[in-house]
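Residues per chain are reported as follows:
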Amino acid sequence: MKNSYEEMLKDCNKQLSFVKVEFERDLDTLHEWMHEDHVIPYWNLNFTKEKFAVHLKKALADTHQTLYLGCLDSIPMSYWESYWVKGDIIEDYYESEEGDQGIHLLIGDPDYLGKGLALPFLRAMVKFQLLTSTTNKVMAEPDIRNAKMIHLFEKCGFTPIKEIELPDKTALLMSCTRGNFERKWNYGEATIYL
């Protein structure tokens, strides 16, 4: 797997990396994760493998987003969607700007839950998104019922804006500006493969 981004997590001396999703390689893993009890209520993608395959192909063909596996020491443990707000449903819910990006995520493998990994991975993905010079804001819209995820976004530097009604959920629209992120976090060392 060719990494798109990697950095060392100093507290545990492990490598965090993001690698682009590939249909053949990752279909089974992602399908399995979508059937985990902690994922089902918020993603609602616990389809048959055939139906999920159609969904994944469509998502991979969507040029306004990029799908990643989050890996710890090269072992896939999370799923990430980095998307451009322009062309997405949430662009109509606030005064969006051309370079705004959004983020969706899940820790797939339950063995990695509760290990303190979600925040460093989220911080790394936001840092990765902010490497785009025209991106000054990263948006999130976690399910309003998902208090843990909302808390995680707040710890990373996201600010709640308002509740919004999306077709599949009631969400809390949140924003992390470049300035807020840079004040909160030291960028540290990372290797980027563009």
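Residue numbers restart at each chain and count upward from 1, following the sequence in its written direction. Totals for whole chains, interfaces and linings use all residues, but because this is a predicted model, local features are given only for residues with pLDDT of at least 70 and pairs of side-chain atoms are given and counted only at 80 or more. Side-chain numbers come from the whole structure's heavy atoms, not from hydrogens or water.

Under an unreviewed UniProt entry, the chain has the name Lysine N-acyltransferase MbtK and belongs to Peribacillus simplex. UniProt positions are given in the numbering used here, feature names are shortened, and annotations may be inferred rather than shown by experiment. Quoted verbatim from the Pathway (unreviewed entry) field of UniProt, the annotation for the chain is "Siderophore biosynthesis." In its Function (unreviewed entry) section, the UniProt record describing the chain reads: "Acyltransferase required for the direct transfer of medium- to long-chain fatty acyl moieties from a carrier protein (MbtL) on to the epsilon-amino group of lysine residue in the mycobactin core."

Numbering of helices and strands starts at the N terminus; helices are DSSP runs of H or I of at least 4 residues and strands are runs of E of at least 2. When you go through the chain residue by residue, the secondary structure sums to six helices and nine strands. In terms of C-alpha radius of gyration, the chain reaches 16 Å, essentially the compact-globule figure of 16 Å for 194 residues. If you line up the chain on its principal axes, its C-alpha atoms span 40 × 40 × 30 Å. Put simply, 61% of the contacts in the chain that link residues at least 6 apart link residues at least 24 apart. Per-residue and other accessible areas were derived by the Shrake-Rupley procedure at a 1.4 Å probe size, with only the shown protein chains allowed to occlude residues. By element, 50% of the accessible surface of the chain is carried by carbon and sulfur atoms, the whole surface being about 10000 Å². Residues scored as positive are Lys and Arg, those scored as negative are Asp and Glu, and His as well as the terminal groups of each chain are ignored. To locate a charge, the coordinates of NZ of Lys, CZ of Arg, CG of Asp or CD of Glu are taken. Across the chain, 22 positive and 31 negative side-chain charges occur, with their mean positions spaced 4 Å apart. Both definitions apply: the radius of gyration is a C-alpha atom measure, and the globule rule equals 2.2 Å times residues to the power 0.38. Note on contacts: a residue pair qualifies if any of its non-hydrogen atoms lie within 4.5 Å across the two residues.

The residues that UniProt annotates with the feature "domain: N-acetyltransferase" (unreviewed entry) are residues 17–179. The span residues 17–179 shows a helical share of 33% and a strand share of 31%, and its end C-alpha atoms are spaced 24 Å apart.

Within this document, salt bridges are pairs made up of a side-chain nitrogen of Lys or Arg and a carboxyl oxygen of Asp or Glu, the two lying within 4 Å of each other. Applying the stated criterion across every chain, the model contains 10 salt bridges. Put simply, Arg25 and Asp26 hold a salt bridge, and the shortest N to O gap is 2.7 Å. For Glu182, the salt bridge goes to Arg178, with nearest N and O atoms at 3.8 Å. Of the two residues, Glu182 and Arg178 are both situated in helix H6 (residues 178–184); the distance of four residues between them amounts to about one turn of the helix.

Here we come to unusual backbone geometry. Even without being a glycine, Asn44 presents a positive backbone phi close to 50°. As for its position among the elements, Asn44 is in the loop between helix H2 (40–43) and helix H3 (49–61).

Next up on the list: the layout of surface pockets. Of the grid points, spaced at 1 Å and generated over the protein atoms alone, those admitting a 1.4 Å probe that cannot get out make up cavities, while open sets with protein on both sides within 12 Å along at least five of seven lines make up pockets; any residue with an atom within 4 Å of a point is treated as lining. Grid points are joined across faces, edges and corners, and a volume is the space filled by probe spheres set on the points. Estimated volume of the largest pocket: approximately 1400 Å³. Lining the largest pocket are 43 residues, and of these Tyr42, Trp43, His104, Leu105 and Leu106 lie nearest its centre. For the lining of the largest pocket, the secondary structure elements donating two or more residues are H2, H3, strand S4 (75–84), strand S5 (101–107), helix H4 (118–130) and helix H5 (147–156). Element by element, the count of residues in the lining of the largest pocket is highest for H5, at six residues. Charged means Asp, Glu, Lys or Arg here, nonpolar means Ala, Val, Leu, Ile, Met, Phe, Trp, Tyr, Cys or Pro, and polar covers whatever is left, Gly included. Looking at side-chain class alone, the lining of the largest pocket contains 22 nonpolar, 10 polar and 11 charged residues.

The subject of this paragraph is the packing of aromatic side chains. Centre distance within 6.5 Å is the pairing criterion for rings of Phe, Tyr and Trp, where only the six-membered ring of Trp is used; planes under 30 degrees apart are then read as stacked, over 60 as edge-to-face, and the remainder as tilted. Counting across every chain of the model gives 10 aromatic pairs. Here the aromatic cluster, defined as three or more aromatic residues joined through ring pairs, consists of Tyr5, Phe18, Tyr68, Trp80, Phe121 and Phe128. The lysine or arginine in question, Lys51, covers the ring of Phe47, its NZ or CZ lying 4.4 Å from the ring centre. In this structure, Arg123 packs its charged tip against the face of Trp185, placed 4.6 Å from the ring centre. Our definition puts a charge over a ring when NZ of Lys or CZ of Arg is within 6 Å of the ring centre and also within 35 degrees of the ring normal.

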